[in-house]
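Coordinates in review
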Amino acid sequence: MFNLITPWAGELAALAGAMLWAIASLIYARIGANIRPLVLNWLKGAVGIVLILCTLMLLRSPWPIAPPAQFAILMFSGVIGIGLGDTALLKALIALGARRGILMETLASPFTALLAWVVLGETLNTVAIVGILLTLGGVTWVITEKIPATTHSGSGVGMGLLWGSLAALAQAVGMVSSRFILVDQSISPLWSSLIRLTGGAGVLLLLLWRQQGRWMPGVSLPRLSGRAWGAVIIAATGGTYLGIWLQQIALQLAPAAIAQTLMGTSPIFILPLVALLGEKVSLRAVIGVGVAIAGIALLFQS
């Protein structure tokens, strides 16, 4: 059985990570009104760091031997992709709601392709360009659907789209900057997850300190009910601890194109979740998600 699963370990990890992030995003969108995005991002990062450290100790995993530049690149990846990118995504989730907020994340795929073209000199063929247009078209089709004024409207939607776009760009930068380290395999996915989370948590502390004008009070714990704290811990365990670990495994074991495509399938998982919670899922939303995911698949299969 293990031999049958092993050839698709990276692909299965990417799909599992996408599902966990969909669930976590739904939770973050619902509790985000009571916690500032910066604080919420720092909290989920702190939970992830503690859990990863415990896992490393249980596994007795030694400190990886690698050039300092590799650690610096992973730290940079965490600062941009987790510290800044996840904060922007949380703002988008709060402004747009979980279903449309997480769909903005599909923009990370064409952004990644464009960054690879600019930074690495990878050219885009006709199929790749069509994939980008399909992805952008699917996202636009869903986010331009009429939104009830009682939930998200006006400038809130505009800011949500802006934060979602910035989050996707930051994620793309994080992916491109960390991909080279993972394929070298001198640093394991679990260690790379810890290094990236540490970089993200570090920049969040600096941002919170700047807001408050003094150290640690900026990350004072918010006043939440026990149920809300439980939701934060569950979301951080699934979306941050397991989600980032699975993401790193996928990038190491599967081709980057396939891994990125599968990790972008969170909108597929979130549609049945919001339907179970009583939110109406229109045919337009289903078509939009399908077009966006088809665009991603076409883009990276090229």
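Residues numbered from 1 in each chain as written. Predicted model: local features only at pLDDT ≥ 70, side-chain atom pairs only at ≥ 80, totals over all residues. Heavy atoms only, no water.

Turning next to the overall build of the protein chain. Scanning the protein chain for helices and strands turns up 13 helices and 0 strands. Secondary structure of the protein chain in N-to-C order comes out as α-α-α-α-α-α-α-α-α-α-α-α-α. Going through the 302 residues of the protein chain one by one, you find that 52% of them count as buried. Looking at the protein chain alone, contacts between residues at least 24 apart form 87% of all its contacts between residues at least 6 apart. (Helix = DSSP H or I, 4+ residues; strand = E, 2+ residues; numbered from the N terminus. Buried < 20%, exposed > 50% of the residue type's maximum accessible area, 1.4 Å probe, protein only. Contact = heavy atoms within 4.5 Å.)

Turning our attention to the side chain of Thr 55. By the element assignment, Thr 55 lies in helix H3 (residues 37-59). Within polar-contact distance, the side chain of Thr 55 engages the side chain of Tyr 241 at 2.6 Å. (Polar contact = N/O pair within 3.5 Å; in protein donor to acceptor, adjacent residues only side chain to side chain.)

This paragraph deals with the nonpolar core. Grouped together as the largest cluster of nonpolar side chains are 28 residues, with contacts concentrated most on Trp 21, Tyr 28, Ile 31, Leu 40, Leu 93 and Ile 102. For this core, the secondary structure elements donating two or more residues are helix H2 (9-31), H3, helix H4 (68-96), helix H9 (189-212), helix H10 (226-253) and helix H12 (266-276). The leading source of residues in this core is H2, at 8 residues. With 17 residues, the next largest nonpolar core counts Ile 52, Ile 195, Leu 197 and Ile 244 among its residues. (Core = buried A, V, L, I, M, F, W, Y, C linked by side-chain atoms within 4.5 Å.)

For the protein chain, per-residue confidence averages 79 on the pLDDT scale, and 84% of positions sit at 70 or higher. Segment residues 149-153: pLDDT under 50, and 6 contacts once partners within four positions in sequence are set aside and those in other chains are kept. (pLDDT = per-residue confidence, 0-100.)

Structurally, the position occupied by Ile 187 is in the loop between helix H8 (155-184) and H9. Exposure remark for Ile 187: the relative accessible area of 0% places this residue in the buried category. Contact partners of Ile 187, with chain neighbours within four places excluded, come to Pro 64, Ala 66, Gln 70, Phe 71, Leu 74, Ile 181, Ser 192, Ile 195 and Gln 252.

What follows covers the packing of aromatic side chains. In this structure the tally under the stated criterion is 4 aromatic pairs. Seen in terms of ring centroids, Trp 63 and Phe 71 are 5.2 Å apart; in terms of plane orientation they differ by 5°. Their pairing is stacked. Through successive ring pairs, a cluster of aromatic residues spans Trp 63, Phe 71 and Trp 191. Above the face of the Trp 163 ring, Lys 91 is positioned so that its terminal group lies 5.0 Å from the ring centre. (Phe/Tyr/Trp six-rings, centres within 6.5 Å; stacked < 30°, edge-to-face > 60°. Lys NZ or Arg CZ within 6 Å of the ring centre and 35° of its normal.)

Any two side chains of opposite charge can pair, on the condition that their charged atoms come close. With the rule as written, the count across this model stands at 1 salt bridge. For Lys 44, the salt bridge is made with Asp 86, and the minimal N-O distance between the two is 2.8 Å. Placement of the pair is Lys 44 in helix H3 and Asp 86 in helix H4, with a sequence separation of 42 residues. Neither residue differs from the other here; Lys 44 and Asp 86 are each classed as buried. (Salt bridge = Lys/Arg side-chain N within 4 Å of Asp/Glu carboxyl O.)

Located in the positive-phi region is Arg 60, a residue other than glycine, with phi close to 55°. Among the secondary structure elements, Arg 60 is positioned in the loop between H3 and H4. We classify Arg 60 as exposed; its relative accessible area is 76%.

What follows covers the environment of Thr 261. With respect to the helices and strands, the residue Thr 261 is situated in helix H11 (residues 256-263). Through-space distance from the C-alpha of Thr 261 to that of Ile 293 is 7.8 Å; in sequence the pair is 32 residues apart.

On to the packing of H2 against H4. When two helices pack together, their arrangement is given by the angle between the helix axes and the distance between those axes. One can describe the packing of H2 onto H4 by two numbers: an axis separation of 9 Å at closest approach and a directional angle of 65°. As for how H2 packs across H4, the hand of that crossing is right-handed. Along its contact with H2, which presents Trp 21, Ser 25, Tyr 28 and Ala 29, the element H4 presents Leu 89, Leu 90 and Leu 93. (Axes fitted to C-alpha atoms, helices over the stretch in contact; angles between N-to-C directions. Left-handed = near helix turned anticlockwise from the far one by under 90°.)

Here H10 contains 28 residues, and its C-alpha end-to-end distance of 39 Å stays within 8% of the 40 Å for a straight helix at 1.5 Å per residue. At Gly 243, H10 shows its maximal bend, which comes to roughly 35°. (Expected span 1.5 Å × (residues − 1). Bend = angle between axes of the 7 residues up to and from the residue.)

With that settled, consider the packing of H2 against H12. Running from N to C, H2 and H12 cross one another at 45°; their axes reach a closest spacing of 8 Å. Between H2 and H12, the angle is such that the two are oblique. Where H2 crosses over H12, the two elements pack in a sense that is right-handed. Across the interface between the two elements, Leu 15, Ala 18, Met 19, Trp 21, Ala 22, Ile 23 and Leu 26 from H2 touch Ser 266, Phe 269, Ile 270, Leu 273 and Val 274 from H12. For the contact of H2 with H12, the class distribution of residues is 11 nonpolar, 1 polar and no charged. (Parallel < 35°, antiparallel > 145°, perpendicular 65-115°, else oblique. Nonpolar A, V, L, I, M, F, W, Y, C, P; charged D, E, K, R; others polar.)

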